[in-house]
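Below, each chain spelled out in residue letters.
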Amino acid sequence: MEYVVRALGFLLIPVIVSGLLAVLRQPKKAKKGKVYLHALLAIIGIIGCTAFLIPTLITAFTEETPWISLAFLAFSLFGASFIVAFVNCRVSYDQDGFVAKNFFGIKRKYTYDQVTAIKEGMHENYLYVGKRRIMIDEFAVGGAEFIGFVAKKYRTIHDGRALPVIRKTKGDIFNGNVEDVFGFMFAYISVGVLILIFAIYLAWYTFLTPYSVENTTEQRVSFESYTVEKTGIRLATSDDRIYSVRTVGKDYDTKRIKALCDGETAYTVYVKEITPDDGENYYSVKAIKQEDSYILSFEESNARHRQEYWVLLLFPLGFAMIWGVYVFFSIKVGRNPQKYSKKVIRLFFRDGYVKYR
């Protein structure tokens, strides 16, 4: 996994460079016959992509869990998408037709008699050319002029008839009653994916990261004293190092751990160093061995870990249920806004998004 993250991370560097060059080459004044996104979009993308790419590469080359690198990479890719959109999403036009370049850099040439309709959204318009559509963002430089020019050409070609406006498209979950369907679907899916990622991470951390000799540090120590705390037993050595044995439940047998503190017997311990922000550093003990027998085994520590953390899975489950209910009712209200009061509609949609008929 770390090799994939590293490769994708390094591939983002030329994307950032190309974004910087495109911003520097961007004309200060709008050029006639050109439609392109505002440079501010690229600047936001460059800042965001770079800010998250740095920790992506740092964590990818350390012993951190790959999920951390992957999370940083996801945000960096999101910023990179702004850069790619700025560089690629462009339209050039003249009296004979126009050339549209999409997000992936693919260019297609059209004539005005091929334009069939327009769909107007809250933040973008879509020109339909047969089964294809070209998105013109509301912040695109020269976008309004281009739309007006296409509408004028359509009227000329079709004996004064206005460019048809599409109210409802195939797959519209709101049945044509809500603006910016794609934006809402993106939000619904994105939040759902984040909840799923959160649940997968918790499940992975709880059940799929067992402690072992390979992922812990081996030390040789003698314990001199102990303190029983709410969540475990605190053990101290003669050199003032602190060790903690986690316990779960009131019925846990702590006698065998307390019996270790004679100040003389040396034990082999397998630990993870913990560096809390608001306290002193200590070692979390995952196994204790005397000669060839375990006093505290990895199996016991892993079982306690699962017992302690499985309840955290209820959080993403609860979030998923709440989000699912919210999405269900927002779609229900959006499909039939005439059945609900404006007060109910405002629970799911801001003013201006719902078309009242």
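This structure is a prediction, so every number in the text was calculated from the model and none was measured.

Further remarks concern the overall build of the chain. Within the chain one finds nine helices and 14 strands. Taken against the 2.2 N^0.38 rule, which gives 21 Å for 357 residues, the C-alpha radius of gyration of the chain at 30 Å runs more than 25% over that of a compact globule. The dimensions of the chain, computed from C-alpha atoms along their principal axes, are 100 × 50 × 30 Å. Counting all 357 residues of the chain, 36% fall into the buried class. Considering only residue pairs separated by 6 or more positions, the chain has 56% of its internal contacts joining residues 24 or more positions apart. Of the roughly 21800 Å² of accessible surface on the chain, 61% is carried by carbon and sulfur atoms.

Moving on, we come to the sheet that holds strand β3 (residues 97-101). Pairing between the strands of a sheet comes from backbone hydrogen bonds, and it takes one of two forms, parallel or antiparallel. Pairing in this open sheet of four strands is antiparallel, and the strands run β1-β2-β3-β4 from one edge to the other. The outermost strands of the open sheet, each flanked by one partner alone, are β1 (34-36) and β4 (107-111). The average angle at which neighbouring strand axes cross in this sheet is 15°, direction not considered. Of the strand pairs in this sheet, β1 and strand β2 (residues 90-93) are connected by three bridges, and their pairing is antiparallel. Bridge pairing in β2 links Y36 to R90. Against the sheet, helix α4 (residues 143-157) touches β1, β2 and β3, its axis set at about 45° to β2.

On to the sheet that holds strand β6 (residues 124-129), then. Taken together, the three strands give an open sheet; going across it, the order is β5-β6-β7, and neighbouring strands pair in antiparallel fashion. Single-partner strands in this sheet number two, and they are β5 (115-120) and β7 (132-137). Across the sheet, the mean angle from the axis of one strand to that of its neighbour is 20°, orientation sign disregarded. The pairing of β6 with β7 spans six bridges and is classified as antiparallel.

Glancing now at empty space enclosed by the protein. In the structure shown here, the tally under the stated rule is one cavity of 30 Å³ or more. Roughly 40 Å³ of internal volume is contained in the largest cavity. Lining the largest cavity are T206, F207, T209, P210, Y211, N302, H305 and R306. Looking at the lining of the largest cavity, the elements with two or more residues in it are α5 (181-207) and α7 (298-309).

So, about unusual backbone geometry. The bulk of non-glycine residues show a negative phi, and the bulk of peptide bonds are trans. Phi at N175 takes a positive value of approximately 60°, unusual for a residue other than glycine. By the element assignment, N175 lies in the loop between α4 and α5. Using a relative accessible area of 26% as the deciding quantity, one classes N175 as partly exposed. One non-glycine residue, D180, lies in positive phi territory at about 55°.

Remark: the centre distance and the inter-plane angle together describe each pair of aromatic rings, the angle taken between the planes. According to the stated counting rule, one finds 29 aromatic pairs in the structure shown. Look at F10 and F61: their rings are 6.2 Å apart centre to centre, the planes differ by 65°, and that puts the pair in the edge-to-face class. Of this pair, F10 sits in helix α1 (residues 2-25) while F61 sits in the loop between α2 (39-60) and α3 (66-88); the two residues are 51 residues apart in sequence, bridging distant segments of the chain. Judged by relative accessible area, F10 falls into the partly exposed class, the value being 45%. Taken together, a centroid distance of 5.2 Å and an interplanar angle of 70° make the contact between F184 and F349 edge-to-face. Here the residue F184 occupies a position in helix α5, and F349 occupies one in the segment after α9 (342-345), the gap between them amounting to 165 residues.

Looking now at the nonpolar core. Among soluble globular proteins, nonpolar side chains are generally buried collectively. Counting residues in each nonpolar core, the largest one holds 26 residues, and the members touching the most others are V91, F98, L127, I134 and F146. For this core, the elements supplying multiple residues, two or more each, are α2, α3, β2, β3, β5, β6, β7 and α4. If you tally residues by element for this core, the top one is α4, at five residues. Excluding residues within four positions of it along the chain, I134 makes contact with V91, F98, A100, Y110, N125, Y126, L127 and V129. Within the second largest apolar cluster, 17 residues are counted, among which are I233, I257, Y283 and I288.

Between its first and last C-alpha atoms α7 spans 16 Å; for twelve residues at 1.5 Å apiece the expected length is 16 Å, and the two agree. Contacts made by the buried residues of α7 are with α5, β11 (242-246), β12 (267-274), β13 (282-290) and β14 (293-296).

Size it by volume and the largest pocket reaches roughly 1400 Å³. Around the largest pocket, the lining comprises 38 residues; the ones closest to its centre are A85, C89, Y126, M135 and D137. The greatest single-element share of the lining of the largest pocket, amounting to six residues, is contributed by β7. For the lining of the largest pocket, the residue count by class is 24 nonpolar, five polar and nine charged.

Parameters and conventions
- Residues numbered from 1 in each chain as written.
- Predicted model: local features only at pLDDT ≥ 70, side-chain atom pairs only at ≥ 80, totals over all residues.
- Heavy atoms only, no water.
- Helix = DSSP H or I, 4+ residues; strand = E, 2+ residues; numbered from the N terminus.
- Rg over C-alpha atoms; globule rule 2.2 N^0.38 Å.
- Buried < 20%, exposed > 50% of the residue type's maximum accessible area, 1.4 Å probe, protein only.
- Contact = heavy atoms within 4.5 Å.
- Areas by Shrake-Rupley, 256 points an atom, 1.4 Å probe, with all protein chains shown as cover.
- Pairing = 2+ DSSP bridges.
- Axes fitted to C-alpha atoms, helices over the stretch in contact; angles between N-to-C directions.
- 1 Å grid on protein atoms, 1.4 Å probe; cavity = no way out; pocket = protein on both sides within 12 Å on 5 of 7 lines; lining within 4 Å.
- Points joined across faces, edges and corners; volume = space filled by probe spheres on them.
- Phe/Tyr/Trp six-rings, centres within 6.5 Å; stacked < 30°, edge-to-face > 60°.
- Core = buried A, V, L, I, M, F, W, Y, C linked by side-chain atoms within 4.5 Å.
- Expected span 1.5 Å × (residues − 1).
- Nonpolar A, V, L, I, M, F, W, Y, C, P; charged D, E, K, R; others polar.

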